[in-house]
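In case you want the letters, here they are:
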Amino acid sequence: MSEEIKKVIIIGSGPAGLTAAIYAARADLKPVVIAGLTFGGQLMLTTEVENFPGFREGIMGPDLMNNMVAQAERFGAEIIYEDATAVDFSKKPFKVQVGEKQYLSESIIIATGASSLWLGLPSEEKFRGKGVSSCATCDGFFFRDKEIIVVGGGDAAMEEALYLTKFVKKVTLLNRSEKLRASKIMADRALANPKITILYNTEVDEFLGTDHLTGAKLKNNVTGEISELAVEGAFIAIGHKPNTEIFHGKIDLDAKGYIVPTDGTKTNVNGVFVAGDVRDFRYRQAVTAAGMGCMASLDAEKYLHMDQG
Amino acid sequence: MYDVIIIGAGVAGFTAALFASRRGLKTLVIGKDVAGQANSTDTIQNYPGLAEIGGFELVKSIREQAESFGAEFIQAEVSKVRNAADSFVLTAYNHQYKAQSLILAYGKTPRDLGVAGEDELKGKGVSYCATCDAPLYKGKTVAIVGIGDVAADAGLLCTKYAHKVYILSKTDKFLANAWLNKALFKKKNVELMPFVEIQQILGESQVTGMQLRNLKTGQSSKLLVDGVFVELGYVVNSQIVENIVKLDEQAQVMINADQSTSQPGIFACGDATNRPYKQAAISAGEGAAAALACYDWLMRKTGQIGLTSDWTEIKKVK
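Engineer: With reference to specific residues and values, describe the overall build of chain A.
Structural biologist: Within chain A, the secondary structure is distributed over seven helices and 20 strands. Scaling as 2.2 N^0.38, a compact globule of 309 residues should have a C-alpha radius of gyration of about 19 Å, and chain A matches this with 21 Å. Put simply, chain A has 309 residues, and 51% of those count as buried. Within chain A, counting contacts between residues at least 6 apart in sequence, those at least 24 apart form 62% of the total.

Engineer: Describe in detail the overall build of chain B, supporting the description with residues and values.
Structural biologist: The secondary structure content of chain B amounts to six helices and 18 strands. With the C-alpha coordinates of chain B rotated into their principal frame, the extents come out at 70 × 50 × 35 Å. Put simply, 62% of the contacts in chain B that link residues at least 6 apart link residues at least 24 apart.

Engineer: Please provide a residue-by-residue account of the pairing of strand β12 (residues 196-203) of chain B, values included.
Structural biologist: All names here are of chain B. Bridging between β12 and strand β13 (residues 207-214) involves seven bridges; their strand directions are antiparallel. Bridged to Leu202 within β13 is Gly209. What sits between the antiparallel neighbours β12 and β13 is a turn of three residues.

Engineer: Go over the confidence of the model for chain B with me, naming the residues and quoting the values.
Structural biologist: Summary statistics for chain B give a mean pLDDT of 90 and a share of 93% for residues scoring 70 or more. Residue range residues 310-318 of chain B is modelled with pLDDT below 50. Its contacts to residues more than four positions away, or to other chains, number 17 contacts.

Engineer: Please provide a residue-by-residue account of the packing of helix α1 (residues 15-26) of chain A against helix α2 (residues 61-74) of chain A, values included.
Structural biologist: Residue and element names in this part refer to chain A. Two elements in contact, α1 and α2, have axes separated by 8 Å at closest approach and are oriented at 25°. Taken together, α1 and α2 sit at an angle that is classed as roughly parallel. Where α1 crosses over α2, the handedness of that crossing is left-handed. Between α1, through Pro15, Leu18, Thr19, Ala21, Ile22 and Ala25, and α2, the contact on the second element is made entirely by Met68, Val69, Gln71 and Ala72. Residue composition of the contact of α1 with α2, by class: eight nonpolar, two polar and no charged.

Engineer: A description of the sheet that holds strand β15 (residues 227-230) of chain B should follow, citing residues and the corresponding values.
Structural biologist: Residues and elements named next belong to chain B. The strand order β8-β15-β9-β10-β11 describes an open sheet built from five strands, whose pairing is parallel. What marks the edges here is a single partner per strand, and that holds for β8 (126-127) and β11 (190-193). In terms of strand pairing, β8 meets β15 through two bridges, oriented parallel. By the bridge assignment, Ser127 is partnered in β15 with Phe229. Lying over the sheet, helix α4 (residues 149-159) contacts β9 (141-145), β10 (164-168), β11 and β15, oriented at roughly 170° with respect to β9.

Engineer: Lay out the sheet that holds strand β14 (residues 220-224) of chain B with the relevant residues and their values.
Structural biologist: All names here are of chain B. Strand order in the open sheet formed by three strands is β12-β13-β14, with antiparallel pairing between adjacent strands. Every interior strand has two partners, whereas the edge strands, β12 and β14, have only one. Ignoring strand direction, the axes of neighbouring strands in this sheet form an average angle of 25°. Taken together, the five bridges between β13 and β14 define a ladder with antiparallel strand orientation. Across the sheet, Leu212 pairs through a bridge with Ser221, a residue of β14.

Reading guide: rules and limits
Residues numbered from 1 in each chain as written. Chains lettered and ligands numbered in written order. Predicted model: local features only at pLDDT ≥ 70, side-chain atom pairs only at ≥ 80, totals over all residues. Helix = DSSP H or I, 4+ residues; strand = E, 2+ residues; numbered from the N terminus. Rg over C-alpha atoms; globule rule 2.2 N^0.38 Å. Buried ≥ 20, exposed ≤ 12 C-beta atoms within 10 Å, placed from the backbone. Contact = placed C-beta atoms within 7 Å. Pairing = 2+ DSSP bridges. pLDDT = per-residue confidence, 0-100. Axes fitted to C-alpha atoms, helices over the stretch in contact; angles between N-to-C directions. Parallel < 35°, antiparallel > 145°, perpendicular 65-115°, else oblique. Left-handed = near helix turned anticlockwise from the far one by under 90°. Nonpolar A, V, L, I, M, F, W, Y, C, P; charged D, E, K, R; others polar.

What follows is the structure in structure tokens.
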């Protein structure tokens, strides 16, 4: 096996990873991006992105990510469309295992992002980006004056439901148990909002429609009763999880598994940097991730200069 | 009364406006000149998602995007910011504007070289904006003062027009990033003049040359040029808020991780902050974060719901 030591390996290929790649490549660091079998991150699951600055007409999420890949490659980034399966940060050079192959690098940028938790219904997958969404901030605007459902009973679900009331005609919030798990203050606000109706002990059995979502089949999990509700949008707000399975025990994570930045994009391992949703559970925007990716690359560049004197 | 007024009309300011207006905030952007520092870059190749775009064009696009969601823009220079009890009051060209919160995004202004002749010949051959002025030097000779990325960008652009481009450095080093460095010195009409100090910019009604001193030999010489591009980076002009928010020794606005400043209700983003790196992508990211932090602050202040995440307590574990 060739044991060439790379200057920087970027794990992940959403806006954070690819912006880091664009910058690292322009700085002649010849970055290797472990993009994953499904590259591009969460934006690949969206349709039109209206809030990425610079695209006044909006851009389709997958198009935006393809643009970034082309841009990174143009400056000399190497993109590997496989998953990183293990890492070793215990000594330098750092090791990244990609299936059978092992890569060595002087520095690492972790940008593996986060995944929305989904219900896991086949019909949910069918209507993703066609009425079913996991991001009210991204997609709320499309549902002006429409009727929608929000699935979830935590603070995030309340926030999404309340936020969406600015646009939509009616929100039906589906809570799986008989009590909301959200904090009292959040629950009270949702309960007080005239646009929000809460159905307890209720789950989605199936999403309905042909090309686009037109309704949902609901199931009361106490009585077993099935009913249908006509809606054009469904927001799944049952939480996110950071994609940090391979980093457990290798780097500081918080209780939910997000990577803990120390200063800027630095982590507790000198030479390992972090950007994007894998560390940001608050803003979670494509452009904030991109900005952090840029910073991580500049931080890595500085680290490499210092490390080499 | 606006929910938020954003001071500065560059990438950071209009991105903040985009996110604030999308959150339903009544948003006003006040800026002296549209585009700010991005104006000084002819083509940006490292803004994610756009293979190549002019700095001005990028900002114009973000501005239109923000306006499409209801943000307003006024071209004016803010001369005063007052922290009233329940709001911030801004003065710009004798008008007053009130807002519940502010986002500072006024960026930087070019640094002067500080030699004789510079002031007198500004706009008469002495320029701080290669994007704006390089095309004026078709077939002529220009000098670039500066050794960083902005100088390299300016130099590269000048090579497209000028017959000859001198790069002046006090040492023999050129500190732009590797990619730019390579691209610049590949050009046949570029020449690095090492170990020189500029003593004076010469000319009556128009730049005719420069008086130089060689730092190794001490010898003085004259270099005939038609234009001088001063590309020494930028300084922050924070006078309007110097008594309201905490600044660092370079007058940059000191920010916390969430873009808040020392003054509740004032947020900052982009090149005016004390973050070390100055890039359009970072400005955009910070603009979005500042707007969301501002939204959170405004909501919580009035007992409404701000941003929430899936949980509130974060414990660090190994």
